[in-house]
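Analysis of the macromolecular model
One-letter residues, chain by chain:
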Amino acid sequence: MEDFRRTYLRLCKEGGVEPQDSVVAQLQESGANQGSRLDLSGQSLSADTCSVLARALQKDTVFTKVLLTDCMLSEEGAKVLLSGLFDNTTVKVLDLKGNNLRSTGAEVLGKMLARNKTLHRLVLEWNALGVWEEAFSLFCEGLSSNGVLTQLDLRNNQINHHGAAALALALKRNTAVQALDLRWNNIGLLGGRILLEALQKNKSIMQLEMAGNNIPSDTLKALEQITGHNSERQSTLRDSHSRTQVLSKEIQSLKEEKGRQFLGLMETIDRQREEMGRSNGSTSIQIGQLQEALNERKSAVNSLTAKLQMTEAALALSEQKNYNMGELLTRVKSEKEEQRERQIRVTKKEQEDSALREGKLLREIQNLTETNSQLKNKVEELERRCKSQQQQIFELKQELTNSTAELKLQLAQAEERLEIEKRRSKQALQDMDSLRQKEVEHMNRHLEDSERALQERIFKLEGQRIQLEEELSKAKAACVTERTQAEEELAKVRAQVRLEEQEHVMTLEEKLRSFRSLQQEAQLHCSQQKQTISELQAKNSQQSMEINGLRRRTEELQQELSGKDQEKVAEVSRVRVELQEQIGHLHAERTAQGGFKEKISALEREIKALGSNHREVLLDKESEMSSMLEKLRLKEAEIQRMREDEAHRASYLQSAILTYVQGSPLGHYSSPRK
């Protein structure tokens with residue numbers, strides 16, 4: 001308020017206007033208490049003061065209420081002051097009570113309403129705006145284009161039926177005014193009917209005051225019913241809007257929850273994919289190690305064949321050495337069995353790990369089924385809410401039937417009043433006839449005058465009867481139109497509610513179907529993963545069995561060739577020592593290698609002497625070794641083919657998951673790892 005006072009004084013100084021002492025004193029008194037309220041009520045404002053206040057209010061951003069009651073504004077002062085509120089964006093309440101605004105003020109008020117976008121309440125009591133019909137029509141035009149004013153006070157403004165017609169035309173186009181006060185004007189019967197016709201098209205006015213306007217009671221009741229219908233309609237619209245907001249919030253929460261669940265599912269799938277990649281990497285490492293071992297064995301066998309060509313074995317004299325080597329082989333067999341048991345334990349651990357993973361997947365599927373059951377419960381709750389809304393529609397229909405019954409009762413009362421009036425007229429006619437018969441001897445000279453008076457009275461009664469019948473027909477037509485309009489509004493509201501319910505139910509059903517399809521696809525994906533895991537386990541077991549068979553076959557060959565060549569025994573022992581180093585359980589062979597070398601050197605001398613007698617045996621062994629090499633080559637090719645098949649299957653599965661996630665409606669929730 002102090003800033004406004006300074007602005008007022010500065011503008012007065014700039015414009016060369018003498019500040020009005022009463023205005024300055026009022027601003028000083030209300031400076032510490034009013035806050036956002038400018039109260040200059042009762043101050044006689046001059047035209048210069050009004051121009052300065054208009055300039056101050058044009059740039060003001062503090063005051064939301066401006067009270068200018070009983071300020072004795074002149075035409076020029078009112079015009080200048082109201083023009084300052086054209087572009088104001090903070091004033092929401094303007095009180096101009098008792099300022100005797102004339103035609104110029106009404107025109108400026110219309111322009112202000114057409115341009116101002118923040119004024120919510122306007123008080124124009126005791127201003128006689130209805131005296132100037134053209135200016136009031138301009139005011140009504142500005143009101144028709146205003147979309148923010150909600151409360152308008154036009155009490156004691158001498159508005160007649162012409163002003164009511166202009167106001168009715170504005171109310172037909174205005175959809176913002178909710179409270180209108182027209183008490184103590186001269187609207188009359190015609191103005192009341194015109195306003196009634198306008199309010200049948202206006203759906204925003206919920207409060208209308210029409211006392212003291214010489215309007216019949218039935219018209220006032222019809223206006224009250226229309227405003228009551230508007231208030232009920234606005235309340236139902238607010239309730240439906242709040243319900244739709246609640247439903248939209250619930251649907252948004254469901255979307256977020258499903259998004260989180262989908263992200264969690266994708267994270268679990270990514271983790272499983274990583275675990276499968278690690279398991280595939282470990283298996284590929286194991287297969288590579290086995291292939292390296294097979295390559296080393298292949299090189300050892302090649303070296304053995306080269307050495308066997310140099311030796312023409314004689315095995316008859318090496319039986320004692322064979323016995324010793326047999327004991328050594330039994331020890332090696334026992335160690336191999338221990339190694340096989342360890343390998344079996346490792347495979348069992350892997351199977352247990354896969355079983356644990358399957359259990360985790362089953363638990364996740366159970367959680368998804370629980371969330372689906374929760375969604376079903378929410379759908380049932382929405383159905384209950386739909387039933388409650390249907391119950392409310394039924395109650396509205398019942399209220400409509402009650403209103404029609406009340407209208408029928410009013411119609412019956414009007415007919416009864418008409419019958420009573422007819423009986424009264426008949427009784428009056430009978431009384432007049434009896435008086436005429438009693439006074440016929442004394443009233444011969446005035447007979448014609450009395451007959452003329454009676455005929456005139458009869459004509460008047462007939463005119464009253466015709467007027468009453470016309471009013472009754474109009475009331476019936478108004479009741480019928482109100483009933484049809486109410487039924488149409490009820491049908492529209494019912495259809496809108498049904499459409500909204502159907503849309504909500506359809507959207508929820510679509511989401512449920514999408515969630516079910518997601519669940520089925522996740523289950524199918526889990527089953528495919530289980531199947532691939534079982535296939536990989538079966539292939540790993542088959543490969544381990546084949547490798548074990550190959551190991552057993554190589555051991556048999558080594559046993560057969562150990563007695564034929566000492567160098568072959570040394571190479572076989574070296575291969576066995578390398579295999580034991582890989583597993584970590586054949587360290588003892590290295591210590592006994594020195595003693596074996598001395599024995600092998602003795603056996604080499606004996607084999608050189610007996611080599612000529614065993615050429616055929618060596619040839620057979622060479623053919624067996626070549627067949628074993630061919631088998632090893634075939635196994636290597638099969639292992640390579642299995643690797644390629646696994647890589648192709650993994651790439652196909654990844655591409656299928658990517659295409660499904662990109663095509664699904666929740667594709668934007670997918671994790672960045674995809």
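Preceding block: the structure.
Described below are features of the structure shown in this document. Predicted model, so just to flag it, every value in this text is computed and none were measured. (Residues numbered from 1 in each chain as written. Predicted model: local features only at pLDDT ≥ 70, side-chain atom pairs only at ≥ 80, totals over all residues. Heavy atoms only, no water.)

**Observations regarding the overall build of the protein chain**
Each helix and strand counted, the protein chain has 15 helices and seven strands in total. Taking all 674 residues of the protein chain together, the buried fraction comes to 35%. Expressed as a percentage of contacts within the protein chain between residues at least 6 apart in sequence, the contacts between residues at least 24 apart total 86%. (Helix = DSSP H or I, 4+ residues; strand = E, 2+ residues; numbered from the N terminus. Buried < 20%, exposed > 50% of the residue type's maximum accessible area, 1.4 Å probe, protein only. Contact = heavy atoms within 4.5 Å.)

**Considering the pattern of salt bridges**
Per the counting criterion, the structure on display carries 15 salt bridges. The salt bridge partner of Arg102 is Glu75, with a shortest N-O separation of 3.3 Å. One end of the pair, Arg102, is in the loop between strand 3 (93-95) and helix 5 (103-115); the other, Glu75, is in helix 4 (residues 75-83), with 27 residues separating them in the sequence. Asp153 serves as the salt-bridge partner of Arg155, at 2.8 Å between the closest nitrogen and oxygen. In the salt-bridge network here, residues are joined through shared partners; they are Lys97, Glu125, Asp153, Arg155, Asp181 and Arg183. (Salt bridge = Lys/Arg side-chain N within 4 Å of Asp/Glu carboxyl O.)

**Points about unusual backbone geometry**
Although it is not a glycine, Ala128 adopts a positive phi angle of roughly 55 degrees. With respect to the element layout, Ala128 can be found in the loop between strand 4 (121-123) and helix 6 (133-145). Looking at Ala128, the relative accessible area reads 13%, which means it is buried. A positive phi angle, close to 55 degrees, is found at Asn214, a residue other than glycine. Take Asn214: its relative accessible area is 66%, and that puts it in the exposed class.

**Some thoughts on the state of the cysteines**
With the rule as written, the count across this model stands at zero disulfides. This cysteine, Cys50, is not joined by any disulfide, and Cys71 carries the nearest cysteine sulfur, 7.9 Å off. Judged by relative accessible area, which is 1%, Cys50 ranks as buried. (Disulfide = S-S within 2.5 Å.)

**As for the packing of helix 3 (residues 47-59) against helix 4**
Between helix 3 and helix 4, the shortest axis-to-axis distance is 7 Å and the interhelical angle comes to 5 degrees. Here helix 4 runs roughly parallel to helix 3, going by the angle between their axes. The segment helix 3 lies against helix 4, with Ala47, Cys50, Ser51, Leu53, Ala54 and Leu57 engaging Gly77, Val80 and Leu81. When the residues that make up the contact of helix 3 with helix 4 are grouped by side-chain class, the tally is seven nonpolar, two polar and no charged. (Axes fitted to C-alpha atoms, helices over the stretch in contact; angles between N-to-C directions. Parallel < 35°, antiparallel > 145°, perpendicular 65-115°, else oblique. Nonpolar A, V, L, I, M, F, W, Y, C, P; charged D, E, K, R; others polar.)

**Re the packing of aromatic side chains**
The final tally for this structure, using the stated rule, is two aromatic pairs. Residues Phe4 and Phe63 carry aromatic rings whose centres are separated by 4.9 Å and whose planes lie at 85 degrees to one another, so their mutual orientation is edge-to-face. Placement of the pair is Phe4 in helix 1 (residues 2-15) and Phe63 in the loop between helix 3 and strand 2 (65-67), with a sequence separation of 59 residues. One exposure class covers both Phe4 and Phe63, and it is buried. (Phe/Tyr/Trp six-rings, centres within 6.5 Å; stacked < 30°, edge-to-face > 60°.)

**Topic: helix 5**
In this model, helix 5 (13 residues) spans 19 Å end to end at C-alpha, consistent with the 18 Å of a helix rising 1.5 Å per residue. Turning to helix 5, its buried residues number three or more, namely Thr104, Gly105, Ala106, Val108, Leu109, Gly110, Met112 and Leu113. On its buried side, helix 5 packs onto helix 4, strand 3, strand 4 and helix 6. (Expected span 1.5 Å × (residues − 1).)

**Structural notes on the environment of Leu96**
Note that Leu96 resides in the loop between strand 3 and helix 5. Of the residues examined, Leu96 reaches a relative accessible area of 1% and is grouped as buried. Counting along the chain gives 24 residues from Leu96 to Met72, while the straight-line C-alpha distance between them is 10.0 Å. Sequence-distant contacts of Leu96, that is, excluding residues within four places in its chain, are made with Leu68, Leu73, Leu82, Leu101, Leu109, Val123, Leu124, Glu125 and Asn127.

**Structural notes on the sheet that holds strand 6 (residues 179-181)**
The seven strands lie next to each other as 1-2-3-4-5-6-7, forming an open sheet whose pairing is parallel. Across the chains shown, the open sheet's two edge strands, defined by having one partner strand only, are strand 1 (37-39) and strand 7 (207-209). The mean angle between the axes of side-by-side strands here comes to 0 degrees, regardless of whether they run parallel or antiparallel. In this structure, strand 4 lies alongside strand 5 (residues 151-153), joined through three bridges in parallel fashion. From the neighbouring strand, Arg121 faces strand 5, where its bridge partner is Gln151. (Pairing = 2+ DSSP bridges.)

In short, the description is geometric, and any link to function would need to be established separately.
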